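Remarks on the overall topology
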Protein chains: 4
Amino acid sequence: MLEALKQEVYEANMMLPKLGIVTFTWGNVSGIDRKQGLFVIKPSGVPYEDLKPEDMVVVDMDGHVVEGDMNPSSDTMTHLVLYKEFPTIGAVVHTHSSWAVSFAEAGLPLEALGTTHADTFFGDVPVTEALTKAEIESDYEENTGHVIVRTFKDQGIDPEAVPAVLVKQHGPFTWGPNPKKAVETAKILDVVAEMNYHALQLTRGDIRVPQYLLDKHYYRKHGANAYYGQNNAKSNSGVTHR
Amino acid sequence: MLEALKQEVYEANMMLPKLGIVTFTWGNVSGIDRKQGLFVIKPSGVPYEDLKPEDMVVVDMDGHVVEGDMNPSSDTMTHLVLYKEFPTIGAVVHTHSSWAVSFAEAGLPLEALGTTHADTFFGDVPVTEALTKAEIESDYEENTGHVIVRTFKDQGIDPEAVPAVLVKQHGPFTWGPNPKKAVETAKILDVVAEMNYHALQLTRGDIRVPQYLLDKHYYRKHGANAYYGQNNAKSNSGVTHR
Amino acid sequence: MLEALKQEVYEANMMLPKLGIVTFTWGNVSGIDRKQGLFVIKPSGVPYEDLKPEDMVVVDMDGHVVEGDMNPSSDTMTHLVLYKEFPTIGAVVHTHSSWAVSFAEAGLPLEALGTTHADTFFGDVPVTEALTKAEIESDYEENTGHVIVRTFKDQGIDPEAVPAVLVKQHGPFTWGPNPKKAVETAKILDVVAEMNYHALQLTRGDIRVPQYLLDKHYYRKHGANAYYGQNNAKSNSGVTHR
Amino acid sequence: MLEALKQEVYEANMMLPKLGIVTFTWGNVSGIDRKQGLFVIKPSGVPYEDLKPEDMVVVDMDGHVVEGDMNPSSDTMTHLVLYKEFPTIGAVVHTHSSWAVSFAEAGLPLEALGTTHADTFFGDVPVTEALTKAEIESDYEENTGHVIVRTFKDQGIDPEAVPAVLVKQHGPFTWGPNPKKAVETAKILDVVAEMNYHALQLTRGDIRVPQYLLDKHYYRKHGANAYYGQNNAKSNSGVTHR
């Protein structure tokens, strides 16, 4: 069942240690087949060096395991809520990468301070409120998904334009069109957090970038007029082909 | 004598350089056979690349070397005190990992600031008082053990729930049911110290997490209702198996 | 066409991940053939592990691609402006290396704080002004080149003596006589930024080095009286050959 | 000539990149044959991957190259002064390792803040004064040696007990009985600087360790009553051999 997606989710999970954004088993990647209404996720607590594509667990949109001998990630219900509420995303990633966690623990968003940020995130990466006692004590993982969705709704943020969040007191979640892209975004988030940390220690000035810089960098890489990479129109950066 | 335990202790020692928490020979791991009243520990000052399982030294509960040609770790008496006073632990680890040492030098505990901490430590990781002149000048290593035990007793901390300490002006000790687990805890302690450092530089707000978050994350991984990983009840995270 | 230069530019691009100054595809190196008025640059958005020498794109001084199937780097027009305005340079490098970007985001120059800096940069590495809305919205990459050139002209800095700049809100550009040297300078810039960051956090004193130290270190490695390395006069450091 | 020493100096030089304390060619190690009054040093500006044992240059105590086709390290005269003035040392190392350089640039000594420091350095690692204009403009490298020696004499520090210094605005020099030991000390210095940096950012309290802790840790590893490692008396740490 879903062998190609399992392979894809497996490979994306294996990127986490390679990119240096995971310690031990503290991360998980899932990918969804929207037509079948099923998603594939890493099993809980299995070391990356022991992981095999066939270990991936298949879960339906009611949270039932429909294939796989192992327990799915303990964060499965958070992934499920994000798939339901962000209907265009194809993959979800959770890590405890150090720089991003530090901002989550401090309860601070990742403000847009430069083009490295703007190339991937079209505005600040928000931080959620802390979950309440009631939200933690019952359906904790599901409520983690809800606090993320609430944050995006309350602040009017488009989850496709800002494919990441910091859950306060916890850490980052990212998402994207496919598992590989969502993992790359998890790495970028951590790199941006590292840059922000140092920039914020260097100055107390207001160093947020203006909206027109966000527009420029985001639309250079996204949408109809994108010209970064090999699959886009070539006329926009001042370089012409003979 | 104790060949299986020697192998286990050897392998756990070799994890230290692999996990990046040791410089040169600045770390040691031991494991105990409670029935025989003997523990196995790394020899003193031997480079990790030269270490062999048969080099491990066997020591009894009176601090007598009962097998092994080499000197045991200079911290042997600290391990011995911890084994005596914390009767349920099966292994002890000492390192000079950079982030944890920085907090030990600053004389600050590792406050619980997020779920990364809460997954392993059920509350703050305490820092001891500095050893007195008398404690340092005579039976130094033994007194290092005593100041650890005193810290846990005075603050009413359960060493199984918080399997780590920072010895002021010195560095971290961790423990656990077996050598591998205790080494993993040594790595986690350093990662948590790194996250705490950056979070504390980012804000002056009170960012300690509430007790109910500690409860949730600790009992998600520990005890009868744990549901993280593959060896626990599966009914608790909202995911069900058909 | 320009096969030797393509190889050289390819190899210099491949140094970026090896030196740890690039994440994903966030960097590009070019080299110029001044006689032919053509430069060779990395294609846009191609992962380093997939890059081949023959993928390098040849561009003329009007910004026309004259050879190569792929889009050149989106930063091509910035490189072109630098080649035009700094007529003695042979190569240009752009990265998003973390330490240098942090200073660019904070809007701070890299002050000369020690000999590590002085060995490569004959004075502070300047930071540009932020680009205006108009400069960003039209001919953005070309204007990035212009703001760099303007910074050097306004501050009277010789681009051969200080072969690097921080573009505010963006990141570093470096240059040099050839691609390899320019990449080495990109690494040095990041190392110097790391050292400066920590030194500036340690003290609020004025720790800029005096001009005579800059003179000494710069001319030890550059110009007619240089005596560092194997290709210089040997009489100057107090050591004599029999 | 001095083939064994050349091999030893070569191997110690090759440890620098392996230990992560050198960028490009920014480091050099030498070792001395006291009987012959000759020392062996790395050639200037040669990349570590190209270095061979036979490239090492032999220099006499007047600064004459007596064997070797290449220029010796540009820092040769600094090494020579240290060999002359510190008559018991057998090797000298210079690096631009990042953490140590940051303290040198900030003009701050490395205060003894913990046992990691005390195991190697019997007290603070001093920082020199800045060299004067005259000292820099003539015989710069020799004067670098003199300012180091002056610092130790003025502050009454024994160079065997504190085998390291930070040259202000420049970086660290370390020394020891042989090249390998001196390189290990260069690594330890950088690790201690990293720990100090973070401890000093965490607190404004006075966290220097007392003299009796320095005594304990230093004499645990050095001198007649040392008991760390495999070559010392075994009776001192509370552990006994049957």
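Note that this is a predicted model, so its numbers are computed, not measured.

**Some words on the overall build of chain A**
Looking only at helices and strands, chain A features eight helices and eight strands. Computed over the C-alpha atoms, the radius of gyration of chain A is 18 Å, within 12% of the 18 Å expected from 2.2 N^0.38 for a compact globule of 242 residues. Across its three principal axes, chain A shows a C-alpha extent of roughly 55 × 50 × 35 Å. Counting across all 242 residues of chain A, residues that qualify as buried make up 64%.

**A short note on the interface of chain B and chain A**
If you look at the interface, chain B gives 41 residues, while chain A gives 42 residues. Both sides of the chain B and chain A interface together cover about 3,600 Å² of buried area, and 55% of this is carbon and sulfur. Summed over the three residues of chain B that lose the most area to chain A, namely L202, Y212 and Q230 of chain B, the buried surface amounts to 18% of that side. Our count for the chain B to chain A interface comes out at two salt bridges. As a salt-bridge pair, D75 of chain A and R220 of chain B come within 3.9 Å of each other at their nearest N and O atoms. At the junction of chain B and chain A, the tally comes to 12 residue pairs in polar contact (both at pLDDT 80 or more). Residue assignment for the side of chain B that touches chain A shows that the elements contributing at least two residues are α4 (115-118), α7 (179-202), α8 (211-221) and β8 (240-241) of chain B. With 12 residues, the single largest contributor to the side of chain B that touches chain A is α7 of chain B.

**A closer look at the packing of aromatic side chains**
To describe a pair of aromatic rings, you give the distance between the ring centres and the angle between the ring planes. As enumerated under the stated definition, the model contains 36 aromatic pairs over all chains in all. Measuring from ring centre to ring centre gives 4.6 Å for F122 of chain A and Y218 of chain A, while their planes differ by 15 degrees; the resulting arrangement is stacked. Remark: Y218 of chain A occurs in helix α8 (residues 211-221) and F122 of chain A occurs in the loop between α4 (115-118) and α5 (133-137); sequence separation between them is 96 residues. With a centroid separation of 5.7 Å and 80 degrees between ring planes, the pair formed by Y218 of chain D and Y219 of chain D is classed as edge-to-face. Overall, the relative accessible area of 43% leaves Y219 of chain D in the partly exposed class. Of the aromatic side chains, those joined through ring pairs into one cluster are F86, F152 and W175 of chain A. One Lys or Arg, K42 of chain A, reaches over the ring of Y48 of chain A and ends 4.9 Å from the middle of that ring.

**Focus: the interface of chain A and chain C**
Chain A puts 41 residues into the contact, and the matching count from chain C is 42 residues. Buried area between chain A and chain C, both sides added, is near 3,600 Å², and the carbon and sulfur share of it is 55%. Contact with chain C buries area across many residues of chain A, yet L202, Y212 and Q230 of chain A alone supply 18% of it, more than any other trio. Across the contact surface, chain A and chain C share two salt bridges. Elements with a contribution of two residues or more to the side of chain A that touches chain C: α4, α7 (179-202), α8 and β8 (240-241) of chain A. Across the side of chain A that touches chain C, the residue classes break down as 16 nonpolar, 15 polar and 10 charged.

**Considering the pairing of strand β7 (residues 171-176) of chain A**
Residues and elements named next belong to chain A. Of all six residues making up β7, six are buried, and the element is well covered by its neighbours. As paired strands, strand β6 (residues 164-167) and β7 are joined by four bridges and run antiparallel to one another. The partner of V167 across the bridge, within β7, is G171. Where β6 folds back onto β7 in an antiparallel hairpin, the turn is made up of three residues, including Q169, whose phi is positive at roughly 65 degrees.

**As for the arrangement of the chains**
Of all C-alpha pairs spanning chain B and chain C, none lies closer than 11 Å, and the two are not in contact. Over all C-alpha pairs, chain A and chain D never come within contact, reaching a minimum spacing of 11 Å.

**A word on the packing of α7 of chain A against helix α7 (residues 179-202) of chain C**
Contact geometry for α7 of chain A and α7 of chain C: axes closest at 11 Å, N-to-C directions at 40 degrees. As summarised for this structure, α7 of chain A and α7 of chain C are arranged oblique, according to the angle between their axes. Helix-helix and strand crossings are classified by hand; for α7 of chain A and α7 of chain C the assignment is left-handed. Taken together, the residues of α7 of chain C that come into contact with α7 of chain A (itself represented by Y197, H198, Q201 and L202 of chain A) are Y197, L200 and Q201 of chain C. A class-by-class count of the residues in the contact of α7 of chain A with α7 of chain C yields four nonpolar, three polar and no charged.

**Description of the confidence of the model for chain A**
A residue-level look at chain A finds 98% of positions with pLDDT of 70 or above and a mean pLDDT of 95. Highest mean pLDDT in chain A belongs to β6 of chain A (99); lowest belongs to β8 of chain A (74).

**Re the side chain of S73 of chain B**
Residues and elements named next belong to chain B. With respect to the secondary-structure elements, S73 resides in the loop between β4 (64-67) and α2 (76-85). Residue classification places S73 among the buried residues on the basis of a relative accessible area of 4%. Only 3.1 Å separates the side chain of S73 from the side chain of N28, close enough to count as a polar contact. Polar contacts involving the side chain of S73 include one to the main-chain amide nitrogen of D75, which spans 3.0 Å. Apart from the residues lying within four places of it in its own chain, the contact partners of S73 are N28, I41, K42, P43 and S44.

**So, the UniProt feature "domain: Class II aldolase/adducin N-terminal" (unreviewed entry) in chain A**
In the numbering used here, UniProt assigns the "domain: Class II aldolase/adducin N-terminal" (unreviewed entry) feature to residues 7-197 of chain A. Secondary structure content for residues 7-197 of chain A is 39% helix and 18% strand, and the end C-alpha separation is 36 Å.

**Examining the relation of the copies chain B and chain A**
Laying chain B over chain A is done by rotating through 90 degrees and shifting 0.0 Å along the axis; what remains is an RMSD of 0.0 Å. Seen this way, the second copy is the image of the first under a four-fold rotation axis. If distances are taken from each C-alpha of chain B to the rotation axis, the shortest is found for Q201 of chain B, at 5.7 Å.

**Description of the relation of the copies chain A and chain C**
Put simply, the second copy of the chain is the first one after a rotation about an axis and a shift along it. Aligned on chain C, chain A shows an RMSD of 0.0 Å; the corresponding rotation is 90 degrees and the shift along the axis is 0.0 Å. Comparing contact sets, just 5% of the residues at the interface of chain A also lie at the interface in chain C, consistent with a heterologous contact between different surfaces.

**Description of the pattern of salt bridges**
This structure, assessed with the given rule, holds 44 salt bridges over all chains. Across the salt bridge formed by K6 of chain A and E3 of chain A, the nearest N and O atoms sit 3.4 Å from each other. Note that K6 of chain A and E3 of chain A are positioned in helix α1 (residues 3-18) at a spacing of three residues, about one turn of the helix. Residue classification places K6 of chain A among the buried positions, given a relative accessible area of 4%. For R208 of chain B, the salt bridge is made with E111 of chain B, and the minimal N-O distance between the two is 3.8 Å. Highlighted residues: R208 of chain B in the loop between α7 and α8 and E111 of chain B in the loop between α3 (98-106) and α4, separated in sequence by 97 residues. Here R208 of chain B falls in the partly exposed class, since its relative accessible area comes to 41%. Residue E111 of chain B is classed as partly exposed on the basis of its relative accessible area, which comes to 26%.

Rules behind the numbers
Residues numbered from 1 in each chain as written. Chains lettered and ligands numbered in written order. Predicted model: local features only at pLDDT ≥ 70, side-chain atom pairs only at ≥ 80, totals over all residues. Heavy atoms only, no water. Helix = DSSP H or I, 4+ residues; strand = E, 2+ residues; numbered from the N terminus. Rg over C-alpha atoms; globule rule 2.2 N^0.38 Å. Buried < 20%, exposed > 50% of the residue type's maximum accessible area, 1.4 Å probe, protein only. Contact = heavy atoms within 4.5 Å. Buried area = accessible area lost by both parts, 1.4 Å probe. Salt bridge = Lys/Arg side-chain N within 4 Å of Asp/Glu carboxyl O. Polar contact = N/O pair within 3.5 Å; in protein donor to acceptor, adjacent residues only side chain to side chain. Phe/Tyr/Trp six-rings, centres within 6.5 Å; stacked < 30°, edge-to-face > 60°. Lys NZ or Arg CZ within 6 Å of the ring centre and 35° of its normal. Nonpolar A, V, L, I, M, F, W, Y, C, P; charged D, E, K, R; others polar. Pairing = 2+ DSSP bridges. Axes fitted to C-alpha atoms, helices over the stretch in contact; angles between N-to-C directions. Parallel < 35°, antiparallel > 145°, perpendicular 65-115°, else oblique. Left-handed = near helix turned anticlockwise from the far one by under 90°. pLDDT = per-residue confidence, 0-100. UniProt positions renumbered as here; feature names shortened; annotations may be inferred. Least-squares fit on C-alpha atoms with pLDDT ≥ 70 in both.

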